[in-house]
Amino acid sequence: MNATPGVGLIERTRALAPLIAGEADEIERTRRLTPAVTSALIENGLYRALLPQSLGGAEVPIESFMQMLEEVAKADASTAWCLGQCSVCAMIAAWLDHDTAQEIFNTPPGILAWGAIAHEARAVEGGYRVTARWDFASGSRQASWLGAHVRIVDGDGVPRKNAEGSPEVRTILFPVASAVLHDVWQAIGLAGTGTDSYEVRDLFIPERFTAFRDVTPALREPGPLYRIGTGLTFSLGFAAVSLGVARATLDAAIALARGKHQSLAASAMRDNGAVQGLIGRTEADLRAARAYLYATANAMWRDLVATGEFSAAHRSAVRLAATWTIHQSAKVVDTAYHMAGATAVFRSNPFERRFRDMHAIAQQIQARDTHYEDVGKVILSTPAP
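These numbers come from a predicted model, not from an experiment.

Peer 1: Looking at this model, I keep getting lost on the nonpolar core. Mind explaining?
Peer 2: Soluble globular proteins: nonpolar side chains tend toward being buried together. Ile62, Trp134 and Phe174 are the most contacted members of the largest nonpolar core, which has 122 residues in total. Each residue touching isoleucine 62, except ones within four places of it in the same chain, is listed here: Leu225, Ile228, Thr233, Leu236, Ala297, Met300 and Trp301.

See below:
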């Protein structure tokens, strides 16, 4: 079905960049990944980067996943966002029994998408019944399966509780044909992601098509990747997407400055000291953000592989690095956009779409300012050494 898992993932991704960039206008226009791009991602195994090796996936280290998304984002942010979303969704296979996961992920195209947590499912004999509508299902237009994160109520309507006394939340999975998709994604950026809503009515979900997502004791796979969980993997992946968008936007500004003359001056932009200084400082900002994100991810991964534990300290560090990287990437994009002047406002030039995409990324849950508050709370509650 796909190329050899994990072998040359980044090289294959870079080789697809011209195709993805060439399809970007059509992706934007139709608000969907094009068939050519989707087929290329499938055939090159990119959707299976985080799928367990026991199912023929690549199960790559977190850095490889981040690099993959960063490279795709340089060509088109919507493609990178969909790929990141569906790749992380595939991690649910680590919480499913093998035969169920095999049915979902090894029946072409084997792509799963889901939206935000919402609503309830009622326990019935052999499974659950649900009537609900969910939002923010990026990548749903390429998916063969959909998922949803729901609170469970028993047959008498009483909400179930887990061992900690919190509401029991399960991820339910069902074929895309069981749902109605609603075309609602009319957004300023990431237009091509098809982040639509989906709805089911009185749908029966067999027990085996449910899982306790991100609950470590429920894991069926031993790999360190799955101890990170989907939530923070989303954060690292989407932070890497923001770096790719920032890199491409700054590169476009640099290319423009090399050849453009300012309207009221005979000198080229490249000879302007203010432009030179701005590019130097912005380049430093972007390199610093990238180094910080990858250093944090790699330190976490080394300890995770060595100990088998994803510590609270690393959890906090990853959240902080991902949030700050997205915000820093947005600043880089803003600087490059303003540097380009009037050139940046035209759709024919490589600025305005990336500006819109970056600010759509910065509005997502992974970039919330409250993450700084959470990390600050941890720092202040930790005794001084």
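There's plenty left to go through after this.
Peer 1: Before we go on, may I ask you to explain the layout of surface pockets in this structure?
Peer 2: One water molecule sets the probe size; rolling that probe over the atoms shows where empty space is left. Reported here for the largest pocket is a volume of approximately 910 Å³. Taken together, 38 residues line the largest pocket, and the ones lying closest to its centre are Arg213, Gly231, Phe234, Ile365 and Gln366. Mapped onto the lining of the largest pocket, the elements with two or more residues apiece are helix 4 (77–89), helix 6 (225–228), helix 7 (230–259) and helix 9 (312–339). Looking at which element gives the most residues to the lining of the largest pocket, the answer is helix 7, with six residues. Classifying every residue of the lining of the largest pocket by side-chain character gives 16 nonpolar, 15 polar and seven charged. Quantified by volume, the second largest pocket comes out at close to 310 Å³. The dominant element in the lining of the second largest pocket, judged by the number of residues it contributes, is strand 5 (residues 169–175), at three residues. Residues belonging to the lining of the second largest pocket are distributed by class as follows: eight nonpolar, three polar and five charged.

Peer 1: Which parts of the structure should I look at to understand the packing of aromatic side chains?
Peer 2: In this description, a pair of aromatic rings is defined by centroid distance and the angle of the planes. All told, the structure shown has eight aromatic pairs when counted by the stated rule. Between tryptophan 145 and phenylalanine 209, the ring centres sit 5.4 Å apart and the planes meet at 20 degrees, which makes this aromatic pair stacked. You can see tryptophan 145 sitting in strand 4 (residues 145–153) and its partner phenylalanine 209 sitting in the loop between strand 7 (196–206) and strand 8 (210–211), a full 64 residues away along the chain. Of the two residues, tryptophan 145 and phenylalanine 209, both sit in the buried class. An aromatic cluster of at least three residues, connected via ring pairs, comprises Trp81, Phe234 and Phe238. One residue, arginine 290, lies across the ring of tyrosine 294, its end atom 4.3 Å from the ring centre.

Reading guide: rules and limits
As a convention, each chain's residues are numbered from 1 in the sequence order in which they are written. pLDDT decides what is reported in this predicted model: residues at 70 or higher carry local features, side-chain atom pairs at 80 or more are listed and counted, and totals for whole chains, interfaces and linings draw on all residues regardless. Side-chain metrics in this entry use all non-hydrogen atoms of the structure; hydrogen atoms and water are not considered. Residues belong to a common nonpolar core when they are buried Ala, Val, Leu, Ile, Met, Phe, Trp, Tyr or Cys residues joined through side-chain atoms within 4.5 Å. Burial classes follow relative accessibility: with a 1.4 Å probe on protein chains only, a residue under 20% of its type's maximum area counts as buried, one over 50% as exposed, and anything between as partly exposed. Contacts between residues were defined by any pair of non-hydrogen atoms, one from each residue, lying within 4.5 Å. Cavities and pockets are defined on a 1 Å grid built over the protein atoms alone: a cavity is a set of grid points where a 1.4 Å probe fits but cannot escape, while a pocket is an open set with protein on both sides within 12 Å along at least five of seven lines, and lining residues are those with an atom within 4 Å of any such point. Grid points are joined across faces, edges and corners, and a volume is the space filled by probe spheres set on the points. Only runs of H or I of at least four residues qualify as helices and only runs of E of at least two qualify as strands under DSSP, and these elements are numbered from the N terminus. Ten residue types, Ala, Val, Leu, Ile, Met, Phe, Trp, Tyr, Cys and Pro, are classed as nonpolar, four, Asp, Glu, Lys and Arg, as charged, and the remainder, Gly among them, as polar. Only Phe, Tyr and Trp rings are paired, with Trp represented by its six-membered ring, and only when their centres lie within 6.5 Å; those with planes under 30 degrees apart are stacked, over 60 edge-to-face, the remainder tilted. Think of it as a cone above the ring: NZ of Lys or CZ of Arg counts as a charge over the ring if it is within 6 Å of the ring centre and within 35 degrees of the ring normal.

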